[in-house]
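Spelled out from the first residue to the last, the chains are:
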Amino acid sequence: MAITSLKSGISTRSGMAGNTLIYPGSYDSIASTNGSVGGATFTSIPQTYTHLQLRIITKSQGAATDFYNWRFNADATSGNYRTHTLLGTGSSVSSYTNTTGNTSAFIPTENPGTNATNVFAGIIIDILDYTNTNKYTTMRTLAGWSANGSGQISLSSGVWLNTSAVTSIAVGGYNTDLSYSGNASYALYGIA
Amino acid sequence: MALQLFKIADVTVASPVSSIIFSSIPQGYTDLKLVASVRSNRASQEDGFGITLNSASSGYTYRVLSGNGTSVSSVNTAYEQIWAVRVNGNSTTTNTFSSVDVYFPNYTGSTGKSYSADAVSENNATEAYATLNALFQSSTSAITSLTVQTINSTTATGSTFTLYGIL
């Protein structure tokens with residue numbers, strides 16, 4: 001028996017006897033926050049998923065283009081992070097690495113606070129095999145923003161040179177010392 | 001409505017292998033998504049990561065944008081028929097694996113298969129690769145199997161591959 005949603009028009013199977021078993025999905029919300037100021041920190045991350053995904057909408061309070069910044073397990077050890085970025089601005093492309101401030105890792109793109117009030121950056125971060133203690137943790141980030149004449153798009157990587165399982169993630173701005181404007185949103189998902 | 005993502009199969013490489021095959025892929029989803037944490041045993045900073053659809057040996061084209069930590073390139077000629085993205089070679093930092101995501105929309109459709117891939121390698125050095133690729137395989141058959149491999153050497157122990165179906 002199919003069920004059609006009046007709201008979305010999407011047909012789904014019911015769990016009634018005689019129907020094919022409906023398996024639970026593999027994509028779960030773990031936590032989310034508006035993180036109005038100071039970025040966001042996710043702690044006590046469940047160790048039961050295969051991968052993590054972090055989805056962020058945010059905007060820097062800084063006057064210039066900023067960087068999105070992350071740190072695992074509150075590890076501020078110098079040299080424990082490295083990032084690489086492929087960046088397009090609408091008129092040029094570049095590829096570079098960065099070890100500056102490598103007590104954490106930072107990745108563009110971030111929308112400067114001087115741009116249009118309602119323009120935020122969208123950021124999706126995938127963290128694979130985050131419980132694996134035989135691997136350094138690699139992050140893959142697709143990020144961008146557009147402000148009608150300015151903007152950036154980037155595909156970035158970051159590695160945490162530590163084999164510990166990821167149990168906490170702190171995210172925020174770089175130049176503005178983890179200070180963000182209101183209406184930011186940070187959502188962490190577990191993928192089975 | 002929550003994202004309807006379902007794990008179909010996963011593989012962890014226990015010892016170096018030349019390829020991994022996902023076969024008998026269920027045909028009841030809308031799209032497929034392949035996620036891989038992968039490293040090659042090639043004695044190099046990088047290796048190609050290849051994807052074969054339904055064992056097809058030809059009919060592949062792509063257009064790629066890539067950065068290596070210093071410069072950027074974009075090409076549209078296939079130097080490897082099944083080449084999709086660049087991943088970590090065995091000369092990169094120990095214990096470091098690439099992150100790969102490949103998306104196959106409408107994989108049961110009866111037209112040629114357009115799919116996309118984005119991937120990053122990592123390395124505690126200047127050289128590491130970010131790859132965005134738009135790919136096409138000309139067969140009009142539904143995708144029922146995927147073969148993945150690091151092209152120039154075996155896939156390293158600890159690499160993982162997860163195939164998801166999306167409704």
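Residues numbered from 1 in each chain as written. Chains lettered and ligands numbered in written order. Predicted model: local features only at pLDDT ≥ 70, side-chain atom pairs only at ≥ 80, totals over all residues. Heavy atoms only, no water.

Asker: Before we go on, may I ask you to explain the environment of A184 of chain A in this structure?
Answerer: Here A184 of chain A shows up in the loop between strand 13 (169-173) and strand 14 (185-191). Expressed as a C-alpha distance, the spacing of A184 of chain A and Y49 of chain A, which sit 135 residues apart in the sequence, is 26 Å. (Helix = DSSP H or I, 4+ residues; strand = E, 2+ residues; numbered from the N terminus.)

Asker: I'm lost on the pairing of strand 4 (residues 46-53) of chain B in this one. Help?
Answerer: For a regular strand, side chains alternate in direction, first toward one face of the sheet and then toward the other. All names here are of chain B. Across the eight residues that make up strand 4, a large majority, eight, are buried. Bridge count between strand 4 and strand 7 (residues 83-88): five bridges; the pairing is antiparallel. Across the sheet, the residue bridging to D47 is V87, located in strand 7. (Buried < 20%, exposed > 50% of the residue type's maximum accessible area, 1.4 Å probe, protein only. Pairing = 2+ DSSP bridges.)

Asker: Hey, could you run me through the interface of chain A and chain B in this one?
Answerer: Size of an interface, as often reported, equals the accessible area lost when the parts are brought together. The interface is formed by 34 residues belonging to chain A together with 43 residues belonging to chain B. With both sides pooled, the region where chain A packs onto chain B buries about 2900 Å², and carbon together with sulfur makes up 60% of that total. At the surface where chain A touches chain B, the tally comes to two salt bridges. Residue D101 of chain B pairs with R140 of chain A through a salt bridge whose shortest N-O separation is 4.0 Å. Linking chain A with chain B are 20 residue pairs in polar contact (both at pLDDT 80 or more). Where the side of chain A that touches chain B is concerned, the elements lending two or more residues are strand 7 (81-88), strand 8 (93-98), strand 11 (137-146) and strand 12 (151-160) of chain A. For the side of chain A that touches chain B, the residue count by class is 15 nonpolar, 15 polar and four charged. (Contact = heavy atoms within 4.5 Å. Buried area = accessible area lost by both parts, 1.4 Å probe. Salt bridge = Lys/Arg side-chain N within 4 Å of Asp/Glu carboxyl O. Polar contact = N/O pair within 3.5 Å; in protein donor to acceptor, adjacent residues only side chain to side chain. Nonpolar A, V, L, I, M, F, W, Y, C, P; charged D, E, K, R; others polar.)

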